[in-house]
Every structure is written in C-alpha cells, then in structure tokens.
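# Summary of the model geometry
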Amino acid sequence: MKKFAKTLGMALALVGALFAAGCQKSDSPAASGASSGAQAQSGVFRVLAGSELKDVADEVVKFGQSQGVKVVLEYSGSLDAVDRLSESHTFDAVWLSHGKYPQLVEGVRSQIKASEKTMYSKVVLGIKPEKAKELGWNQSKGQVSWKDVIAAVKAGKLKLAMSNPAGSNTGFVTLVGVAAELSGKGDALEPGDIPGEKLKELFSGVTLTSGSSGDLAERFKADPSKADAMVNYDASIKAMTQQGLPLQVLVPKEGVITADYPLMLLARSQQQAFYDKLVAHLREPQTQAQLAKASGRTPLTGDGSDAVVNELPFPGSLKVVDALLDGYLHQFAKASTSHFVLDISGSMGNGGRIEALKQAMNALAVSDGTVSGRFATFRDREKIVVTPFSNVVFNSISNELGTDRAVNKKTLAALDAQVQALQVQGGTAIYDALAKVYPVALQELSQGKRNVSIVLMTDGENRDGRSVADFQALVQSLGEQKVPVFAILYGEANQGEMNTLAALTGGRVFDARKTSLKSVMKTIRNYQ
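Residues numbered from 1 in each chain as written. Predicted model: local features only at pLDDT ≥ 70, side-chain atom pairs only at ≥ 80, totals over all residues. Heavy atoms only, no water.

### Side note on the packing of aromatic side chains
To describe a pair of aromatic rings, you give the distance between the ring centres and the angle between the ring planes. Note the cut-off: Aromatic pairs are defined between Phe, Tyr and Trp rings, using the six-membered ring for Trp, whenever the two ring centres lie within 6.5 Å; interplanar angles under 30 degrees are classed as stacked, those over 60 as edge-to-face, and all others as tilted. Strands here are runs of E lasting at least two residues and helices are runs of H or I lasting at least four, both read from the DSSP assignment and numbered beginning at the N terminus. When accessible area is computed with a 1.4 Å probe and restricted to protein chains, residues below 20% of their type maximum are described as buried, those above 50% as exposed, and intermediate ones as partly exposed. A ring is scored as having a charge over it whenever the NZ atom of a lysine or the CZ atom of an arginine sits within 6 Å of its centre and within 35 degrees of its normal.
One pass over the structure, following the stated rule, counts 12 aromatic pairs. Ring geometry for Phe 45 and Phe 274: centres 5.0 Å apart, planes at 65°, overall edge-to-face. Pair noted here: Phe 45 is in strand S2 (residues 44–50) and Phe 274 is in helix H13 (residues 272–283), with a separation of 229 residues, a long-range link. When its relative accessible area of 0% is taken as the criterion, Phe 45 is described as buried. Judged by its relative accessible area of 4%, Phe 274 falls in the buried class. Taking 5.8 Å as the distance between ring centres and 80° as the angle between the ring planes, the aromatic pair formed by Phe 340 and Phe 378 counts as edge-to-face. One end of the pair, Phe 340, is in strand S14 (residues 336–343); the other, Phe 378, is in the loop between helix H17 (371–374) and strand S15 (383–389), with 38 residues separating them in the sequence. Here Phe 340 and Phe 378 have matching classes, each one buried. Here a set of aromatic residues connected by ring pairs shows up, and it is made of Phe 45, Phe 63 and Phe 274. When the ring centre of Tyr 75 is taken as origin, the NZ or CZ atom of Lys 54, which lies over that ring, is 5.2 Å away. Across the ring face of Tyr 261, the terminal group of Arg 297 is positioned such that the distance to the ring centre comes to 4.7 Å.

### Here we look at the nonpolar core
Which entries qualify depends on this criterion: To qualify as a nonpolar core, a set must consist of buried Ala, Val, Leu, Ile, Met, Phe, Trp, Tyr and Cys residues joined through side-chain atoms within 4.5 Å. A contact between two residues is defined here by any heavy atoms of the two lying within 4.5 Å.
Counting 86 residues, the largest nonpolar core has Phe 45, Trp 95 and Trp 137 as the members making the most contacts within it. Ranked by residues supplied to this core, first place goes to helix H9 (residues 169–183) with eight residues. Contacts of Trp 137, omitting those with residues within four sequence positions, involve Leu 125, Ile 127, Ala 132, Val 144, Asp 148, Val 149, Ala 152, Leu 158, Gln 248 and Leu 250. In terms of nonpolar packing, the next biggest core, distinct from the first, is built from 32 residues, Phe 378, Ala 512, Leu 517 and Val 520 among them.

### Quick look at the layout of surface pockets
The condition that has to hold: Buried and open spaces are told apart on a 1 Å grid over the protein atoms alone, a cavity being a set of points where a 1.4 Å probe fits but cannot get out and a pocket being an open set with protein on both sides within 12 Å along at least five of seven lines. Residues with an atom within 4 Å of a point are the lining residues. Grid points are joined across faces, edges and corners, and a volume is the space filled by probe spheres set on the points. Only Asp, Glu, Lys and Arg are considered charged, only Ala, Val, Leu, Ile, Met, Phe, Trp, Tyr, Cys and Pro nonpolar, and every remaining residue, Gly among them, polar.
Roughly 700 Å³ of volume is contained in the second largest pocket. Lining the second largest pocket are 30 residues, and of these Thr 207, Leu 208, Lys 226, Leu 445 and Lys 482 lie nearest its centre. Those elements giving two or more residues to the lining of the second largest pocket turn out to be strand S8 (206–208), helix H11 (213–222), helix H19 (430–446), strand S17 (451–458) and helix H21 (495–505). For the lining of the second largest pocket, the residue count by class is 10 nonpolar, 11 polar and nine charged.

All we've got here are geometric facts, nothing functional implied.
Printed below as a string of structure tokens:
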C-alpha cells in the first residue's frame, strides 16, 4: 500500500480546502456556458484532457460506448486548459495530471463540482547508472537531495533533461516543489521568498528541454548524449529502461510531487450520472490494472512497495506560482536564441495567411492577454532573429532583449513594427533560407551558452533554389550536433518534407492547418 508522509497530508488539506471553495455555485458565464447559449448535447460527454492521457483514452471511450454515451476528448496543457475553461466552453469535465494549479484560479475553481483521483505517477529523477556511480549516488541509501543535484550541476558534472514548466506538468511541479522546499517556507512560500539563485544554478544544467514530457523522453532516447539524467514521470523512466536506455530512478530525499490525475466534473455539465458511473469504473480494481498496464502509472491502491515518499509542498497562492513561472522563463532558465524563418511568398496573400502570421508574431511580442499567451511571449535575455524569404532570402531582422522590461518593451514594439510591414511577393525558396540560417544557429549552439532553435513557417512546397536533399547534405556535413527545426504545416506545405526536417534536426512538426497559427506559435514556445 502506498504510504505518504505528513507533508502530503498538509498538501491534500490545502487542495481539499480549495476544492471545497470550488464546489460553490457560480453564475459566471464561464462557469455556466451561458454566454454562448451552449447546452449539453444529450449522449455526449466532453472532456478537456492532458495530452499525456492519450494512452488511456480508449478505456474511457469504450466505457462510454457501453453506456450509450459518446465520450469526446480534447487535449491541452495545464495553462491552456485554464485559458479554455476561463472562456465560454462546452466541456463536461477536465482530466489533467493534477488539479492544484486550476484550483488556484478563481474563475476555474468555481466551476469544479466534483473531483476524483484516477491514478498516480511520481515526478522523479532518472539517471544513467554509470553517472550515479560516478557521483556516489545510491538510491537505496536515500541520501540524494535536490541540493546534491544542484551541487553536481554547478560543478559541471551533471547535465539534465527537463520539460518547460510553462508547457508541461513534470517541469512545472519540479519548479514549484523544489522552490518551495529550498525556500524553507513550504506551502507558505511568497514571491519574495523564491530562492532565485539556487533555481538558476539548477536550471543552468538543463541541456535538453521540450514542451511535453513524452516528447522529452523521445528526444532523450533518440540522443542519450544530450543529458545524464531526466526529470520525468517514474512510469516514463521505467519505460525507457525497458526500451533499452537504462535509467536508475532517484527519489530525492526532500520528496517529489505526485500526479494523481483527477477527473473533475464541471458545474455546467448535465451529465453527473454518467460522470459518477465513469469514476466508479475507472476506480474498479480490474480497470485500475488495465490502466496501469497501458500507461505504467501506479494504481490507486499503490504499487506494493512499503517505501515512504515525502510529498514536496505546493505553493498556496496563484501569485506565487505565476512568479515562479515568470522567474523561470526570464531569469532562471538558460537564455535562448530563437530564429523564425518566415515564408512571405505570393501564396501567403491568400485567405488571410499573411495576416494570421503577423497576428501570431504580434502575440509573441506583446501577449494576447491569455494565461498561456503571457508565458509564451519573448523573454528577457532572448535573441530573436526573423528571416523572411520568398524565392530570395531577405536580410535578417535581429533583436536582443536585456533584463530591463521597459527597454525590452520598446525593442519588441520595433520588432513587431518590422514584422507587420512585411509584404508578400515572389516564389518559395525554403531550403535557401534554411541554408542561410542553420550554420549561424549551429555555431551559436556549439558555444553552449544558449538554447538555440529554428521555427520554419511555410504555406507551400519548395519551388526555387536548393532542394531538401541539398539541405540534408549540408546539415550532415556540419557534424553531429543539431539545431532543432520546428516546422509548421500551413496551407499547402509538404508534410513529408517537414517530417524529414524534424527527423534530421531533432525538431518537431506542428500542424496549423486545423487550428490557429497563433495557437501553434504559442505551443512552439514551450519547446524553445
């Protein structure tokens, strides 16, 4: 049976208090869906779910079918989920890795009518056995602490893989949990107590990052040389060992934060009877075993271990969590250089495409006012390089931000004005543009001082200049180190070539054909 230390009891007490407040009736448009006049569709149960829950979605859909209910799942990150629930929506329930952050947001908390845990998964450190031996870390002794991790990073002996806290739960709970623990304040942490220097030391060791826990694991598995250890779910770390990359699970002695995957019923829903049946089904022993087999997560009854694991405290106020996320992006994380290679060919004049591109870039420069948008904007210390292209490659627009927010605001306004002035023209020379940008980006990446990435946005096939094969040859000639290219599928872009670019460089393809370009750009920011 899984045991928890006293600190978990305190954390659950906090969440319980927040939940009790959240169960009160709200007449706000966001809570009721009244602003859009949306009504629950009979026989349909809509769930806003964390993307990591795709591996157990079939179980929920099949159970719905057995009850004559169509379960529709839409996937989102935690911050995006808060945005979507803060607006008019038609969801019956939300199913995330944990409910602590949404419960801190008043407009979301007031919508939550019921909440039931469905599984467990601890966020831990998975380290290569040879590195653990080199550092003298033996998990059985229970002596490895987060302070030891920071000391190893500071000494240059440990490289970490960790997801972006603004986009992924594993990075998020690591940031807030470690900050609360290192401050000595626990869940009473206030913005002024945040141990900024210690956090900066920890995150200076992050050499591999991503916008999702699953993608982080895949990128680490594809190139294990990029890091010595990875912060991720214990289920993901155990799966990597089974797939041929042995990792030793370390649970720092201060503790961890455990995801408990609450299924939360929303007050606007007219499907409570089905919700009750679904929760009962998910918590049945047979279903728990199936979920554990499908996902590697721990059943609610535990994993049979008698190990006592402390739970790290979770800050008790939204202002503290927001201060931590802001601090991570603008101060604690390694500075970044972000290249945007933007297609302004003649076809971008069709269907409002160039306007959508300008709107997306504007949201990164000045924010669109949403929670996810606020944490997707350009960051202090970031270098932003915009390279427009058509059948020719135009001069790059380069701006570097400092730490003075007032100065940065003026710099970003100037950058935005330059982007808004772009005019469509000519053909499409995708690989000439990439051939210009890639070597410059690689040279900066090789210095090890910045995270460097390239975003390619094109709405058509390559018509001019170099071919994709030419660019492949160029990348391969420049050595083993790669700059990730994040390619956006838009308009008539060639999906096969975009997939080739992502695989070649360790990047990823994002599809903007069925969702807004602005939304895709904000998602990409979690990977930069």
